[in-house]
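Residue-level structural notes
In case you want the letters, here they are:
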Amino acid sequence: LWLLWAPAAALPSLPKVAKKLSTATGPSSDAVRHRSTGSTSVVGPVPVAVDTKHTNIDPRSDVQIANDRTFSKQAGSLYSLPTDRKEHNRLDFQHEIMRLLLDDSIYPNPDVVDNALTAEANPTPNIVDLGTGSGVWAMEMARKFPHSKVLACDIVLPEYPKESIPSNCCFEFLNINKDMEKLQPIFDVVHWRLVEPATVDSDLFFYDVARILRPGGIFIAVAGNPHLMKKVNDYQFAEGPPRLLHGHWDEVLGKNANFKDFKVQEFLLPSGPWEEGMTYKRREIAEMMNENYLRVVRGLTAGLRVHGKVTLDEIDKLEAGSLKEFRELPPGVHAYTKWVFATAVRTDLAWSARTQPWKIPGWFGPADYIIPPFSDEP
């Protein structure tokens, strides 16, 4: 299976300025209910406004609890992992793996991104994190660029005390599979990390991203696709066509006239510290990745118990066997994860809508969705 470990999100969107979400059951767009403190705090003006009548549901009523784990009802089988504090802690841990991979940066091509967000170049940049999960990336960006406004979106919001959220960061309950048309073209950076499996149509989503970016704005996309458990992989394919297209991002974005300067970095990482002659950094990343896998397996099997069409006995065997494999050193299976980090720049041309969907090549089969070849390989 590929890891559906993107921010807990069937995926978000973005708001217009100064308009409150009309809601019968949930909080307004400029207020976040911090359930850990029981307080409602205004975290500053939202950099965009959204009129989300059909998705503006109180996040507390959109979850289900099973086996002591919390899942999003709205995400359903699109996002198989839990959306609770334990999962958010794992996402924070994974965030640190990304930082190590990118040489102490939290986004690829830092020179390009930094130049677009400096106060000299842009006194009031707007940043949005789609599928924010734990919100760790959004809050770090708000602190790194205090002159910016950062919007963090997801269909399940993290729980933070008021004082821990930067004043220039706001959380919104939004679904990018349904609400992208409600977002305004005011963003300088759009961030989309490990949410591709929960994005129904990545090609269409890229057009939506281009529409909400200002000319010269930057789209940051991150994906990862290890093959962990065949049973889960089979289940995902049975649910519909695979949604992992990052093996074709260069072609998909290259044919999108709204973008230019597509750049990609690819990493192939072992599932544990079993390679010979590893550098200190690679060993550290491999050890952290191994711990991340162990946590993901528990989350995925918890999700199978809720969404899967697999017997409980099969799930128990799947979990025990997977955990055993990842704990064994040397392992019986030398598994790798492919990580893809990409950026694309919005052109100065007027936005153009998609005229026809991008078609997957006929030769591209299920196995290619797991670990497609690097871009420079035959």
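Computed from a predicted structure; not experimentally measured.

**Overview of the environment of Arg214**
- Note that Arg214 resides in strand E9 (residues 213-224).
- Here Arg214 falls in the partly exposed class, since its relative accessible area comes to 28%.
- Separated by 28 residues in the primary sequence, Arg214 and Ile186 place their C-alpha atoms 5.6 Å from one another.
- Arg214 has contacts with Asn122, Thr124, Asn126, Pro185, Ile186, Phe187, Asp188 and Arg346, leaving out every residue within four places of it along the chain.

**Here we look at the side chain of Arg211**
- One can find Arg211 in helix H4 (residues 202-212).
- No salt bridge is formed by the buried Arg211, whose closest oppositely charged neighbour, Asp208, lies at an N-O distance of 4.9 Å.
- A polar contact of 2.4 Å, which involves the side chain of Arg211, links it to the backbone oxygen of Met180.
- Among residues more than four places away in sequence, those in contact with Arg211 are Met180, Glu181, Lys182, Leu183, Pro185 and Trp351.

**Description of the packing of aromatic side chains**
- Scanning all chains against the criterion turns up 13 aromatic pairs.
- Ring centres of Phe205 and Phe206 lie 6.3 Å apart, and the angle between their planes is 55°; on these two criteria the pair is classed as tilted.
- Overall, the relative accessible area of 3% leaves Phe205 in the buried class.
- Owing to a relative accessible area of 1%, Phe206 belongs among the buried residues under this scheme.
- Measuring from centroid to centroid gives 6.4 Å for Phe206 and Trp249, while their planes differ by 80°, and the two rings are edge-to-face. In this pair, Phe206 sits in helix H4 while Trp249 sits in helix H6 (residues 249-254), placing the two residues 43 residues apart along the sequence.

**Some remarks on the environment of Asn115**
- Note that Asn115 resides in helix H2 (residues 110-117).
- Asn115 sits in the exposed class, given a relative accessible area of 54%.

**A short note on the environment of Leu323**
- Positionally, Leu323 belongs in helix H8 (residues 312-327).
- Taking the C-alpha atoms as reference points, Leu323 and Arg298, separated by 25 residues in sequence, lie 8.4 Å from one another.
- The contacts of Leu323, once residues within four sequence positions are left out, are Leu294, Val297 and Arg298.

**Some details on the side chain of Asp203**
- Note on placement: Asp203 falls in helix H4.
- Within the structure, the side chain of Asp203 is placed 2.9 Å from the side chain of Arg354, a separation counted as a polar contact.
- Other than its neighbours up to four places away in sequence, Asp203 contacts Val252, Arg354, Gln356, Pro357 and Trp358.

**Points about the pattern of salt bridges**
- In total, this model carries 17 salt bridges according to the counting rule given.
- Note that Arg99 is salt-bridged to Glu140, the shortest N-O span being 2.8 Å. In this pair, Arg99 is assigned in helix H1 (residues 85-101) and Glu140 in helix H3 (residues 136-144), connecting sequence segments 41 residues apart.
- Here Glu275 and Arg282 are joined by a salt bridge, their closest N and O atoms 2.8 Å apart.
- Judged by its relative accessible area of 25%, Arg282 falls in the partly exposed class.
- Overlapping salt bridges, with partners in common, bring together Glu96, Arg99 and Glu140 in one network.

Rules of the game
- Residues numbered from 1 in each chain as written.
- Predicted model: local features only at pLDDT ≥ 70, side-chain atom pairs only at ≥ 80, totals over all residues.
- Heavy atoms only, no water.
- Helix = DSSP H or I, 4+ residues; strand = E, 2+ residues; numbered from the N terminus.
- Buried < 20%, exposed > 50% of the residue type's maximum accessible area, 1.4 Å probe, protein only.
- Contact = heavy atoms within 4.5 Å.
- Lys, Arg positive; Asp, Glu negative; His and termini not counted.
- Salt bridge = Lys/Arg side-chain N within 4 Å of Asp/Glu carboxyl O.
- Polar contact = N/O pair within 3.5 Å; in protein donor to acceptor, adjacent residues only side chain to side chain.
- Phe/Tyr/Trp six-rings, centres within 6.5 Å; stacked < 30°, edge-to-face > 60°.

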